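# Commentary on secondary and tertiary structure
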Amino acid sequence: MTDTGHQLDAVAHAQDGTALACQQRGDGYPLILLAGQANNHHWWDGVREDFHATHSTITFDYRGTGASDKPQGPYATEQFAEDVIAVLDRLGIENADVYGTSMGGRVAQWVAAQHPDRVRRLVLGCTSPGGPHAVERDASVRRALAQADPDAVREALIDLMYSPAWRTAHPGPYTTLGDPDMPPHARRGHLLASNGHAAWDVLPLITAPTLILHGDQDRLTLPDNLPLLAARIPDTRTHLFPGARHAYFEECRAEASALVAAFLSGVS
């Protein structure tokens, strides 16, 4: 990927002093992109340039990943949301558009609910409200991801992310399979944070217009969660991508990026 325009790598500091590596690319209205569980900013390498016609994209490495500090924890999606605010503050950004996928969508819910003045428009992808109201993945998926063999886990994750046809045409490497350099305590902390997410009660506090996206064949986060989110967040529109699995934003890149860009520009 080749970025054009403004480029900035910086370090923000969370309320507890944790150093957070952040990256800003392009020019235009700020759009912060929030990655999935146990992933760093490279999650967005395949698509971030799609938004540079109108936006400056901002990513950061969650605590525990990439070039950020890796404290012992505990970790929580509410904490990650406060880290997002620390990144925006470091970059001098008063408000921004927010696009979060998977665990990043969980984090984005807290950002928009607890800091409504900082979020202009919100996009939630392949995510859920968490807690007892969420529709959980099948036990067979959990077993596949809990195997002792890391190669088997990787193959299971690839299958959950992408359809066989797309994988044949795009053999990798993939940037959505987790940060390989995460220490075990941080990897477990991310898992507990994502599993412990429960934002149902605060979703009605979200005031930003919201677009909710999901692949209709997603088995990692079931698409049944899309209407649950839409019913709780006041101003929403939704879209399902036929045949897409968890990483719809890559597999359906042309359509998904166009939908998001149009929504963020106020066209839809």
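Anything mentioned here points back to the structure above.
## Quick notes on the overall build of the protein chain
When helices and strands are counted, the protein chain shows 9 helices and 8 strands. Computed over the C-alpha atoms, the radius of gyration of the protein chain is 17 Å, within 12% of the 18 Å expected from 2.2 N^0.38 for a compact globule of 268 residues. Counting across all 268 residues of the protein chain, residues that qualify as buried make up 54%. Considering only contacts in the protein chain between residues 6 or more positions apart, those separated by 24 or more positions represent 73%. Taken as a whole, the protein chain presents about 10,900 Å² of accessible surface, with 53% of it coming from carbon and sulfur.

## Observations regarding the packing of helix H1 (residues 77-90) against helix H2 (residues 103-114)
H2 packs onto H1 with a crossing angle of 65° between their chain directions and a minimal axis gap of 8 Å. As the angle between them shows, H1 and H2 are arranged roughly perpendicular. In the packing of H1 onto H2, the handedness of the crossing is right-handed. Between H1 and H2, the residues in contact are Thr77, Glu78, Phe80, Ala81, Glu82, Val84 and Ile85 and Met103, Arg106, Val107, Trp110, Val111 and Gln114, respectively. Considered class by class, the residues forming the contact of H1 with H2 number 8 nonpolar, 2 polar and 3 charged.

## Considering the sheet that holds strand E7 (residues 210-215)
Read across the sheet, 8 strands follow the order E1-E2-E4-E3-E5-E6-E7-E8 without closing on themselves; strand pairing throughout is mixed. Two strands bound the open sheet, and with one partner strand each, they are strand E1 (7-13) and strand E8 (236-241). On average, adjacent strands in this sheet sit at an angle of 20° to one another, irrespective of strand direction. Bridge analysis of E1 against strand E2 (residues 19-25) gives 7 bridges, and the strand direction is antiparallel. By the bridge assignment, Ala12 is partnered in E2 with Leu20.

## Observations regarding the environment of His52
Here His52 lies in the loop between strand E3 (29-34) and strand E4 (55-60). Linking His52 and Thr168, residues 116 residues apart in sequence, is a C-alpha distance of 29 Å. Separated by 2.7 Å, the side chains of His52 and Thr57 make a polar contact.

## Quick notes on helix H4 (residues 150-161)
Each α-helix winds once per 3.6 residues, and so residues spaced three or four apart point in a common direction. End to end, H4 covers 16 Å across 12 residues, agreeing with the expected 16 Å (1.5 Å per residue, within 8%). Those residues of H4 lying buried are Val153, Ala156, Leu157, Ile158, Leu160 and Met161.

## Focus on the pairing of E7
Buried residues dominate E7, accounting for 6 of its 6 residues. Here E7 shows two buried faces, one formed by Thr210, Ile212 and His214 and the other by Leu211, Leu213 and Gly215. The sheet contact formed by strand E6 (residues 119-125) and E7 spans 4 bridges and is parallel. When the sheet's bridge partners are listed, Leu122 is paired in E7 with Thr210. Relative to E8, E7 runs parallel, the two being bridged by 6 bridges. Residue Thr210 lies in a different strand from E8, and its bridge partner there is Thr236. Between the parallel pair E7 and E8, the chain is carried across by helix H7 (residues 225-232), and the sense of this crossover is right-handed.

## What about the packing of aromatic side chains?
Across all of its chains, the model carries 12 aromatic pairs by this definition. Between Tyr62 and Phe80 the ring centres are 5.0 Å apart and the planes differ by 45°, which places this aromatic pair in the tilted class. Within this pair, whereas Tyr62 is found in the loop between E4 and H1, its partner Phe80 is found in helix H1, the two being separated by 18 residues in sequence. Considered together, Tyr62 and Phe80 belong to a single accessibility category, that of buried residues. It is Arg120 that lies over the ring of Tyr29; its NZ or CZ is 3.8 Å from the centre.

Conventions we followed
- Residues numbered from 1 in each chain as written.
- Predicted model: local features only at pLDDT ≥ 70, side-chain atom pairs only at ≥ 80, totals over all residues.
- Heavy atoms only, no water.
- Helix = DSSP H or I, 4+ residues; strand = E, 2+ residues; numbered from the N terminus.
- Rg over C-alpha atoms; globule rule 2.2 N^0.38 Å.
- Buried < 20%, exposed > 50% of the residue type's maximum accessible area, 1.4 Å probe, protein only.
- Contact = heavy atoms within 4.5 Å.
- Areas by Shrake-Rupley, 256 points an atom, 1.4 Å probe, with all protein chains shown as cover.
- Axes fitted to C-alpha atoms, helices over the stretch in contact; angles between N-to-C directions.
- Parallel < 35°, antiparallel > 145°, perpendicular 65-115°, else oblique.
- Left-handed = near helix turned anticlockwise from the far one by under 90°.
- Nonpolar A, V, L, I, M, F, W, Y, C, P; charged D, E, K, R; others polar.
- Pairing = 2+ DSSP bridges.
- Polar contact = N/O pair within 3.5 Å; in protein donor to acceptor, adjacent residues only side chain to side chain.
- Expected span 1.5 Å × (residues − 1).
- Right-handed = clockwise from strand over helix to strand, strands pointing away.
- Phe/Tyr/Trp six-rings, centres within 6.5 Å; stacked < 30°, edge-to-face > 60°.
- Lys NZ or Arg CZ within 6 Å of the ring centre and 35° of its normal.

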